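Here's the letter readout for the chains.
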Amino acid sequence: MRNALGLMLASVVAAVVIAAVGWFYYSSRADQAAPKTIAARAADQLPAPAKLAARDDVETTAALAGKPAVPAPAPAPAMPVQQKSTCANPNALGVSRVVEIDTTGGPGFGFETFKQFDFLTDKEVVLTFDDSPWPVNTPAVLKALADECTKGLFFSVGKHATYHPEILRQVLAQGHTVGTHTWSHLNLNSKKLTEQQAKDEIEKGFSAVKLALGTNPAPFFRFPQLQHNPAMVSYLGTRNVAMWSTDLDSFDFRKGATPEKIVETVMSKLDKLGKGIVLMHDFQKHTGEALPTLLARLKAGGYKIVQIKAKTTFQTLPEYDEALLKDLKVPTSSARPIGNVVQTVSQ
């Protein structure tokens, strides 16, 4: 009996001991696994910062994508680009700037006569040519200017324009500005002319140039021999025509003028003045011969060419247009530009 009881007691004790040991073993295992569980939770939280970073990337990318929507800087002016691209001479004198003239009220330019407007800066030059158009001589001037990709201001005599309209059209087609120089190059300050006759010389000259060009010329005028009749100065003001004198004369029209003398005359005066409106004559043979050397000297001396344009064109008076057509016995229909008469509709 005692043995049986002892066995039972030993079994109970053993069971208790085994249970205690098991509890201790599994409890210890659980405690060791706890850090891993925490680490696992921490790992579960990692995607949150990753997603935040991703959102930041999207926002930054969106901001970058939005920048092109801001207006881009304006492109460079087309004219200088076109001049450079069409100029075959990489070392050409070219045109440094283009000046537009508002001719309202008839402003005057050229310090030999007018003192009000000094628009040229140091080393700037305006090339002006009188008496165009004329065979051989005007084309020679045009070629010299084209070779240096530069521009001039031409004052056409009305009669010459009717003689050689095709040459005057070349002047305009090559980008030069065309003004007028009376109908027949009369001295408008002559006492032999009445005021009406002087007006007729001016207006008929404009109508003739318009007829030759097939379009309105610039409202620019130069008095023959630079003889500025005060009454005609006032009249041109009412017609909103700018008057052009000069700062220096090339004297290319004088007897005994040679290309070498013309170049030296212009350069010596320019070097003294530092800038200026130069008076030449494309009517004269030696001017075209002198021009290539003169343009080379201008470039070597650091001079820059300023091109002159008008804000508007000149509106001729119908009565002078009609009278000119009648005097020249030109059919009225010929007054229309060829582009208004003949057009290519298929090619």
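Check the entry above for the structure.
Below: a short report on this structure. Residue numbering note: each chain is counted from 1, following its sequence as written. At least 70 in pLDDT is required for a residue's local features to be given in this predicted model, at least 80 for side-chain atom pairs to be given and counted, and no such filter applies to totals for whole chains, interfaces and linings, which use all residues. Only hydrogens and water are set aside when side-chain values are computed; all heavy atoms of the structure are taken into account.

### Let's talk about the overall build of the chain
Helical segments are the DSSP runs of H or I of at least four residues, strand segments are the runs of E of at least two, and each set is numbered from the N terminus. Along the chain, the regular secondary structure elements total 12 helices and 10 strands. Here's how the labels work: a residue is buried when its accessible area is under 20% of the maximum for its type, exposed when over 50%, partly exposed in between, all with a 1.4 Å probe on protein chains only. For the chain, the residues scored as buried account for 37% of the 347 residues in total. Throughout, a residue-residue contact means that at least one pair of heavy atoms, one from each residue, lies within 4.5 Å. Intrachain contacts of the chain at a sequence separation of at least 6 include 79% that bridge at least 24 residues. When the accessible area of the chain is evaluated, it comes to approximately 20000 Å², of which 60% is carbon and sulfur surface. Note on areas: these come from Shrake-Rupley sampling with a 1.4 Å probe, and a residue is covered only by the protein chains present in the view.

### Regarding helix α10 (residues 285–300)
For a helix, the expected span equals 1.5 Å multiplied by the number of residues minus one. Taking 1.5 Å as the rise per residue, α10 with 16 residues should run 22 Å; its terminal C-alpha atoms sit 24 Å apart, in good agreement. Taking the largest bend as the criterion, α10 deviates by roughly 40°, centred on Leu291, and proline Pro292 comes between one and four positions later. The complete set of buried residues in α10 reads Thr287, Gly288, Ala290, Leu291, Leu294, Leu295 and Leu298. On its buried side, α10 packs onto β3 (124–132), α4 (137–147), α9 (259–273), β9 (276–281) and β10 (304–310). Positive phi shows up at Gly302, right after α10, with a value of about 80°. We define the bend at any residue as the angle between the axes fitted to the seven residues before and including it, ending there, and the seven starting there.

### Side note on the pairing of β3
Burial of β3 is extensive: nine of the nine residues sit out of reach of the surface. Strand direction decides the pairing type here: β3 and β10, joined by two bridges, are parallel. Directly across from Glu124, in β10, lies its bridge partner Lys304. Note that the unit made of β3, α4 and strand β4 (residues 153–156) has a crossover that is right-handed. Pairing between strands requires that DSSP locate at least two bridges from one strand to the other. The path from the first strand over the helix to the second decides the hand: if it runs clockwise while the strands point away from the viewer, the crossover is right-handed.

### Quick word on the packing of aromatic side chains
Pairing of aromatic rings covers Phe, Tyr and Trp, the last counted by its six-membered ring, and requires centre-to-centre distances within 6.5 Å; plane angles under 30 degrees mean stacked, over 60 mean edge-to-face, and any other angle means tilted. Here the structure, examined in full by the defined rule, presents 11 aromatic pairs. Aromatic side chains Phe109 and Phe119 sit 5.7 Å apart centroid to centroid with 85° between the ring planes, which places their arrangement in the edge-to-face category. Pair noted here: Phe109 is in strand β2 (residues 108–109) and Phe119 is in the loop between β2 and β3, with a separation of 10 residues, a long-range link. Phe109 gets classed as buried once you look at its relative accessible area, which sits at 5%. Consider the rings of Trp134 and Phe283, whose centres lie 4.9 Å apart with planes at 55°: the pair is tilted. A residue pair is termed long-range when its members are at least 10 positions apart, and Trp134 in the loop between β3 and α4 and Phe283 in the loop between β9 and α10 qualify at 149 residues. An aromatic cluster is defined as three or more aromatic residues linked by ring pairs; in this entry it consists of Phe109, Phe117, Phe119, Phe220 and Trp244. Look at NZ for Lys and CZ for Arg. If either is within 6 Å of the ring centre and within 35 degrees of the ring normal, a charge sits over the ring. Cation over ring: Lys204 sits above Trp183, and NZ or CZ is 4.4 Å from the ring centre. Over the ring of Phe251 we find Arg254; its NZ or CZ atom is 3.7 Å from the centre of that ring.

Everything listed is a geometric property; what it means functionally is a separate question.
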